[in-house]
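Residue-level structure breakdown
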Amino acid sequence: MDSVVLLQRQLVDYTAQLFNEGFLDDQFNQLQQLQDESNPDFVVEVVTLFFEDSERLLNELAKALEQQSIDYRKIDAHVHQLKGQQLQKVCIAFRNYCEERNIEGCQKCLQQVKNEYSLVKTKLETLFKLEQQVLAAGGSIPWPM
């Protein structure tokens, strides 16, 4: 089988896996629909902004939890900004720990959020690398999937 077709199949299968695992959802499909020839890197640019914003938010959360006098309202506001199906349960727990003023619980949840963020980032970076491999081999991206 042609190498481009194999790469395209690998991309389609990997994307389907990410949807099945809850890493991608309809918002990703909507982003893909906004991408066209005039802005072929739109999805990558939006996801890159998401990564940058998420890293900033995680750093702010970590700093807030290191303060001598912890502002749980500020932490709760940061947690509220976290989005995504994968983070929903941990964010609920995180916000509950803020209400309880439970520093250990907050720190545990922050670590869970950081781990989840790293996992999502790795999976999406792999997806974008597969796309680049398809394009570099002379193929086209079979969107929407």
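Sequence order sets the numbering: in each chain, residues are counted from 1 along the sequence as written. Only residues with pLDDT of 70 or above have their local features reported here, since the model is predicted, and side-chain atom pairs are shown and tallied only from 80 upward, although totals for entire chains, interfaces and linings are computed over all residues. Hydrogens are left out, water is left out, and the side-chain values use all remaining heavy atoms of the structure.

For the protein chain, the name recorded in an unreviewed UniProt entry is Histidine-containing phosphotransfer protein, with Salix purpurea as its organism. UniProt positions are given in the numbering used here, feature names are shortened, and annotations may be inferred rather than shown by experiment. If you open the UniProt record of the protein chain and go to Function (unreviewed entry), you find "Functions as a two-component phosphorelay mediators between cytokinin sensor histidine kinases and response regulators (B-type ARRs). Plays an important role in propagating cytokinin signal transduction."

**Remarks on the packing of helix α1 (residues 3–20) against helix α6 (residues 103–136)**
Lines fitted to the C-alpha atoms define the axes, with helices restricted to the stretch that makes contact. Angles between their N-to-C directions range from 0 to 180 degrees. Per the convention used, a helix needs a DSSP run of H or I reaching at least four residues, while a strand needs a run of E reaching at least two, with both numbered from the N terminus. Interhelical geometry of α1 versus α6 gives an angle of 160 degrees and a closest axis separation of 9 Å. Between α1 and α6, the angle falls in the class roughly antiparallel. The chirality of how α1 crosses α6 is left-handed. Each of Leu7, Gln8, Gln10, Leu11, Tyr14, Thr15, Gln17 and Leu18 in α1 lies in contact with α6, whose residues at this interface are Lys123, Thr126, Leu127, Leu130, Glu131, Gln133 and Val134. In the contact of α1 with α6, the residues fall into seven nonpolar, six polar and two charged. Reported orientations rely on four angle classes, namely roughly parallel under 35 degrees, roughly antiparallel over 145, roughly perpendicular from 65 to 115, and oblique for the rest. Left-handed is the label given to a crossing in which the near helix is rotated counterclockwise from the far helix by less than a right angle, and right-handed is the label when the rotation is clockwise. Should any heavy atoms of two residues lie within 4.5 Å, those residues are counted as being in contact. Side-chain classes follow a simple rule in which Ala, Val, Leu, Ile, Met, Phe, Trp, Tyr, Cys and Pro form the nonpolar group, Asp, Glu, Lys and Arg form the charged group, and the remainder, Gly included, forms the polar group.

**Observations regarding the nonpolar core**
Among the nonpolar cores identified, the biggest contains 40 residues, and Ile75, Phe94, Leu124 and Leu127 are the most heavily contacted of them. Every element with two or more residues in this core is listed here: α1, α2 (26–34), α3 (42–66), α4 (72–81), α5 (88–100) and α6. Excluding residues that lie within four positions of it along the chain, Ile75 makes contacts with Leu61, Ala64, Leu65, Ile70, Phe94 and Cys98. We call a set of buried Ala, Val, Leu, Ile, Met, Phe, Trp, Tyr and Cys residues a nonpolar core when their side-chain atoms join them within 4.5 Å. Classification of residues uses two cut-offs on accessible area relative to the type maximum, computed with a 1.4 Å probe and protein chains only: under 20% is buried, over 50% is exposed, and between them is partly exposed.

**Structural notes on the pattern of salt bridges**
Any Lys or Arg side-chain nitrogen located within 4 Å of an Asp or Glu carboxyl oxygen qualifies as a salt bridge. Enumeration over the complete set of coordinates arrives at five salt bridges. Across the pair Glu21 and Lys123 runs a salt bridge whose closest N-O atoms are separated by 3.3 Å. One end of the pair, Glu21, is in the loop between α1 and α2; the other, Lys123, is in helix α6, with 102 residues separating them in the sequence. Since its relative accessible area comes to 34%, Glu21 is described here as partly exposed.

**As for the packing of aromatic side chains**
Put simply, two rings from Phe, Tyr or Trp (the six-membered ring, in Trp's case) pair if the centres are within 6.5 Å, and we call them stacked under 30 degrees between planes, edge-to-face over 60, tilted for the rest. Per the stated rule, a full pass over the model turns up three aromatic pairs. Centre to centre, the rings of Phe51 and Tyr117 are 6.0 Å apart; their planes meet at 85 degrees, and the pair counts as edge-to-face. One end of the pair, Phe51, is in helix α3; the other, Tyr117, is in helix α6, and 66 residues separate them in sequence. Grouping residues by exposure puts Phe51 and Tyr117 together as buried.

**Observations concerning α3**
A helix is expected to reach a length of 1.5 Å times the quantity of its residues less one. In a regular helix each residue adds 1.5 Å, so 25 residues correspond to 36 Å; α3 covers 36 Å between its end C-alpha atoms and thus fits that length. Buried positions along α3 lie against α2, α4, α5 and α6.

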